[in-house]
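Chain residues, written in single-letter form:
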Amino acid sequence: MSISNQSLAKYKLVFLGDQAVGKTSIITRFMYDKFDSTYQATIGIDFLSKTMYLEDRTVRLQLWDTAGQERFRSLIPSYIRDSSVAVIVYDVTNRTSFLNVTRWVQEVRVERGGDVNIFLVGNKTDLLDKRQVSLEESDAHARELGVHFIETSAKAGFNIKALFRRIGASLPGSDAGRGEDAANGANGGGPATVQLEAKAKPAAASACSC
Amino acid sequence: MAEEDEDRAAGRRGWRLADAAGMFAPLVRAAASAGEALAYKGQELSTTIEESANSAVDLGVRQVEGVLRDIERKVSDFQRRQRELDALAADDQRRQPVDIQVGDSVFEDMPMEMRSRLYCVIARQPDLVDSLRGRLLRCLSSSKSSGSPRHPRSQRGGRAALHSSSSLGSTGHSPHQRQRRQQLDLMQAHQQRAGSRLAVGSPGGSDSALSPGGTGGDAGVAGSAEESGEGSGSDAGGGGSSHLSAHLDASRASQAALFEAMHNVPWSSGSSVPDEAPECGCSEYAALLAAPRGSALQRCMGGLESVDDIIGRDLGRTFPEHPLFMEGDGQARLGRLLRAYALRDPETGYCQGMAFGAGLLLTIVPEETAFTLYCRLMDEPPAGAGLRRLYAPGLEPLKLELATFELLLGERLPELHAHLASVGAVPLLYASPWFLTLYAATPMPLHFSARVLDVLLQSGCDGVLLRVALALLQALQSDLLEHSDFEGVVTALKVVPLSWSPHAYRAVLDTALSPGFVSDVQLALARDAVAAEAARVVRPPPSFTMQRRVMRTDSEVARFEAELLQHRSAASPCGGPGPSDARSDHAASARLESLSRVGSAGVGSCPLSLSGTPSGSLALGAAASLANLSEIGELETLLTELHLIPGGGGGGGGSQHLQHQHPQQRHEAADAQAAQQQLPEQQRQPEQQRQQEQPAQPQPAEPQPAEPQPAEPQRRQRQSITDILFDSFKFF
């Protein structure tokens, strides 16, 4: 498996955002399509990877999950450095986490300039009665910041696949990605036929990695 | 014949035709009436079908609803059962025999109760465990050259004791009785093993039996049984046999006293932890709990949120599968403990990861005892194990510790170190959770972490974290070398330990705690080398520049300044277990140095040029650094360097906000300390100013000079060392 993975194009996704906004649960939903009511807090940095089948190619996504507490921010720049995508998550029921989004975006821009696709993700939309940040406000803010935007619920499994479809479509080297970048992606969806599957790619013919 | 046949056939046809014609009329009539009937019936039928379909749909809806409800019920039943099973499993796990480190001895397969009792004694009668500290430190500090490697002494007498305890348990004895019985068994076994004729010591006689600097081990370590001060690491040659036996007697007496105290720990039946000490309620903990909330201390970490909120958010995410923390009570206890600690130590406040160490203690001892022990873990040596530095704002000491780990890894397992480095698996990724959670939030089981805790509490020596990390990698070495890519290596680091047996975990800890695995001297040399290197790296790679996030008020500035002054005047040695005074001094200065420098320890890659060097040159380098970097000289150098560097505005700026950095100064900013406040990208400047809510006075962005240039005179700012150190705190 590792041999076949080595032959795939790898893309680094870094998940940022305040403490307990749902970074780990979004990743868990994407990786295993499941949700636990309780997650252990991420200490430092965690790493997971998954193969994703796009319509025209197969890529390997490397997901970097980070600790949300402010104190850990000094550890994060090194992980942002060579990432293709930054997923900045906030909690729609926690206004502070939304206000901090600007700082996270700046942090990423400082490290990566324009070489990174930033996705703003409002998580926990299933908690209808606790919502503190409206869809319209977030959408406007995302346009202002020039980043992609989507709302999700990792708990309900809402929009998680859509998020990763759009991430896949935005990856460098993808025609759709360039198109989406140009459209600034606030509402643009990725190609509809993207497959998201966890199965490993059969061993590639060119297995030599030397 | 053929004609006859033909006629006959014709006749038959004729008859048939006539017959058919005769029958046709009634058939038509019948068909017509049938058609009428059918039409009528059809109407009736369609009505019926419609009705029955409607009712079927209703029925279907009801049935589906019923099925859904059923499914829902079954799912919730299943979840409930699953939770119960999980709780049972966790309970089972809690009841599983565990290894307990007492001094340099390991009591294998003991019930968890023994640990609870031991910890209560450590918290309430610390004098009884002083001897353990000496023994443990000596065990850890000895190096290969000073004696033959020796694994920690294992006490397997506990196994029999455990069996007797479990059989007693089934007959309904209280935990206290069981424990008492078990302790007695244990003591007997232990004394038989040691060949002791000493009677079980009484608590009254224990104090006099304790020798001041700790007591010797068994005859197996006769050569090093001589007392030469705690943790000195040097073993005097053996004494006379009478002297030795006196030591052994003292050792046994102190151990007996310890066990006596352990089984005297009050424990109500039905409780999962011992009772709180009777004198609690008027203690420091109670006072801290009673402190009003919402005070300035609540904002001690800066940022937008209070410590209370930050702690609160982690309570449900600390050991979420442990029965104690599944319901509110355990979480409330954890919250109180962490808040009390944050109030007690506002500089550290709360850092993610701390909840795991505190939570682990709460699974073993009652709340206030857990707080006492937690302070013992966090406090600076010699009072505690000094773990608080790992959580310091900016996490710089953590990065230094990780760099130290990498240095030792390169020395001890060069092949693995090179392999990990080549695939990009840096210690920051895998070892920082180990250190920050004391191995509790990892694939390793809780009892593994608990034995690390045993050593931390008894020895007050935080080097055990590094030792265990090295032993873990040593155990994982063959698995890790099999993978040639980053993903494989990182996954193996997480997954392989899951398949280990309890024996494998025991072996890892036995290795980590065996004398000579990593000697105290090696550890101290590595730490010094890392600190010196961090101090020497005047211009770290630009990649280490980090953006500052400053959210603070004038009062916070003032407070931090005051704290720093205090810190400086105290100059407390906090660089680790260093028993040598000279080294502690150096460690103190190194820590000041490290505090003043941000971003110089390896993040993505280890910047230490020493990291790959063999131990010989490491020792040389460290010795050179010790010789060169006398405390004063080092500070002077630092001052000289920093005078050239425009300050971050922490010292004198009226606005108390970061002063804007001129682009030309960015190269100076590469100097480790100042790097924090620098903006690696030109466009970052206005952004950062906005972000810091500072009235924007954007400097014109200038092209970054190719060569470092001296700072502009008007930007030069004299800084006291306090200001410089303060800068590193200002990060938060």
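The coordinates are above.
So, a few notes on the structure that sits alongside this text. (Residues numbered from 1 in each chain as written. Chains lettered and ligands numbered in written order. Predicted model: local features only at pLDDT ≥ 70, side-chain atom pairs only at ≥ 80, totals over all residues. Heavy atoms only, no water.)

**Quick word on the sheet that holds strand β5 (residues 117-123) of chain A**
Residue and element names in this part refer to chain A.
Argument step 1. The strand order across the open sheet formed by six strands is β2-β3-β1-β4-β5-β6, and the pairing between neighbours is mixed. Since the sheet does not close on itself, it has two edges, and those belong to β2 (45-53) and β6 (148-151), each with one partner. When strand polarity is set aside, the average angle formed by the axes of neighbouring strands in this sheet is 25°.
Argument step 2. Pairing geometry for strand β4 (residues 85-91) and β5, over seven bridges, is parallel. Note on β5: the bridge partner recorded for tyrosine 90 is glycine 122.
Argument step 3. Its contacts with the sheet place helix α2 (residues 23-32) against β1 (9-17), β2, β3 (58-66), β4 and β5, and it is angled at close to 155° to β3. (Pairing = 2+ DSSP bridges. Helix = DSSP H or I, 4+ residues; strand = E, 2+ residues; numbered from the N terminus. Axes fitted to C-alpha atoms, helices over the stretch in contact; angles between N-to-C directions. Contact = heavy atoms within 4.5 Å.)

**Digging into the layout of surface pockets**
Argument step 1. Space inside the second largest pocket adds up to approximately 700 Å³.
Argument step 2. In this structure, the second largest pocket is lined by 35 residues; those nearest its centre are Ala20, Gly22, Ser37 and Lys124 of chain A together with Arg317 of chain B.
Argument step 3. Counting only elements with at least two residues in the lining of the second largest pocket, the list comes to α2 of chain A together with α9 (307-315) of chain B.
Argument step 4. Looking at the lining of the second largest pocket, its residues break down into nine nonpolar, 17 polar and nine charged. (1 Å grid on protein atoms, 1.4 Å probe; cavity = no way out; pocket = protein on both sides within 12 Å on 5 of 7 lines; lining within 4 Å. Points joined across faces, edges and corners; volume = space filled by probe spheres on them. Nonpolar A, V, L, I, M, F, W, Y, C, P; charged D, E, K, R; others polar.)

**Focus: the packing of helix α3 (residues 126-141) of chain B against helix α17 (residues 446-459) of chain B**
All names here are of chain B.
Argument step 1. Their axes nearest at 8 Å, the elements α3 and α17 cross at an angle of 110°. Viewed along their axes, α3 and α17 adopt a mutual orientation that is roughly perpendicular. The interaxial crossing formed by α3 with α17 has left-handed handedness. Of the residues in α17, those in contact with Leu132, Arg133, Leu136, Leu137 and Leu140 of α3 are Val455, Gln458 and Ser459.
Argument step 2. When its residues are assigned to classes, the contact of α3 with α17 shows five nonpolar, two polar and one charged. (Parallel < 35°, antiparallel > 145°, perpendicular 65-115°, else oblique. Left-handed = near helix turned anticlockwise from the far one by under 90°.)

**Comments concerning unusual backbone geometry**
Argument step 1. The omega angle of the peptide bond from proline 381 of chain B to proline 382 of chain B is 5°, so this bond is cis rather than trans.
Argument step 2. As for its placement among the helices and strands, proline 382 of chain B is situated in the loop between α13 (367-378) and α14 (396-412).
Argument step 3. For aspartate 33 of chain A, which is not glycine, the phi dihedral falls at a positive 50°.
Argument step 4. Its location among the elements puts aspartate 33 of chain A in the loop between α2 and β2.
Argument step 5. The class for aspartate 33 of chain A is exposed, based on a relative accessible area of 52%. (Buried < 20%, exposed > 50% of the residue type's maximum accessible area, 1.4 Å probe, protein only.)

**What about the nonpolar core?**
Argument step 1. The biggest cluster of nonpolar side chains holds 157 residues, and the ones touching the most others in it are Tyr119, Leu387, Phe405, Trp434, Phe435, Tyr439 and Leu473 of chain B.
Argument step 2. With eleven residues, helix α18 (residues 463-482) of chain B is the single largest residue contributor to this core.
Argument step 3. When residues of this core are assigned to domains, at least three map to each of domain 1 (109-136 + 272-378) and domain 2 (395-538) of chain B.
Argument step 4. Setting aside residues no more than four positions away along its own chain, tyrosine 439 of chain B makes contact with Pro433, Trp434, Met444, Phe448, Ser449, Val452, Leu465, Val468, Ala469 and Leu472 of chain B.
Argument step 5. Of all hydrophobic cores here, the second largest spans 27 residues; its members include Phe15, Val21, Ile26 and Ile27 of chain A. (Core = buried A, V, L, I, M, F, W, Y, C linked by side-chain atoms within 4.5 Å. Domains from an automatic or database assignment.)

**Points about the pattern of salt bridges**
All names here are of chain B.
Argument step 1. Within this structure, the stated rule accounts for 39 salt bridges over all chains.
Argument step 2. Salt-bridge contacts for arginine 252 lead to aspartate 249; the nearest nitrogen and oxygen are separated by 3.1 Å. With arginine 252 and aspartate 249 both in helix α7 (residues 241-263) and three residues apart, this pair spans about one turn of that helix.
Argument step 3. Judged by relative accessible area, arginine 252 falls into the buried class, the value being 16%.
Argument step 4. Within the structure, one salt-bridge network assembled from shared partners comprises Asp99, Glu108, Asp109, Arg451, Arg506 and Asp510. (Salt bridge = Lys/Arg side-chain N within 4 Å of Asp/Glu carboxyl O.)

**Some thoughts on the pairing of β4 of chain A**
Residue and element names in this part refer to chain A.
Argument step 1. A large share of β4 lies buried, amounting to seven of its seven residues.
Argument step 2. Neither face of β4 is exposed, since Val85, Val87, Val89 and Asp91 on one face and Ala86, Ile88 and Tyr90 on the opposite face are all buried.
Argument step 3. Sheet topology places β1 next to β4; five bridges connect them, and they run parallel. Across the sheet, leucine 13 pairs through a bridge with valine 85, a residue of β4.

**Concerning the packing of aromatic side chains**
Argument step 1. Taken as a whole, this structure holds 20 aromatic pairs over all chains when the rule is applied.
Argument step 2. Measuring from ring centre to ring centre gives 5.5 Å for phenylalanine 448 of chain B and tyrosine 505 of chain B, while their planes differ by 65°; the resulting arrangement is edge-to-face. In this pair, phenylalanine 448 of chain B sits in helix α17 while tyrosine 505 of chain B sits in helix α20 (residues 502-513), placing the two residues 57 residues apart along the sequence.
Argument step 3. For tyrosine 505 of chain B, a relative accessible area of 5% gives the class buried.
Argument step 4. Members of the aromatic cluster, each reached through a chain of ring pairs, are Phe405, Tyr430, Trp434, Phe435, Tyr439, Phe448, Trp500 and Tyr505 of chain B.
Argument step 5. Sitting over the face of the ring of phenylalanine 30 of chain A, lysine 50 of chain A holds its NZ or CZ atom 4.5 Å from the ring centroid. (Phe/Tyr/Trp six-rings, centres within 6.5 Å; stacked < 30°, edge-to-face > 60°. Lys NZ or Arg CZ within 6 Å of the ring centre and 35° of its normal.)

**Remarks on α17 of chain B**
All names here are of chain B.
Argument step 1. The end-to-end C-alpha separation of α17 is 20 Å, in line with the 20 Å expected for 14 residues at 1.5 Å each.
Argument step 2. Within α17, twelve of the 14 residues are buried, which leaves the element mostly enclosed by the surrounding structure.
Argument step 3. Residues of α17 that are buried include every one of Phe448, Ser449, Ala450, Arg451, Val452, Leu453, Asp454, Val455, Leu456, Leu457, Gln458 and Ser459, and no others. (Expected span 1.5 Å × (residues − 1).)

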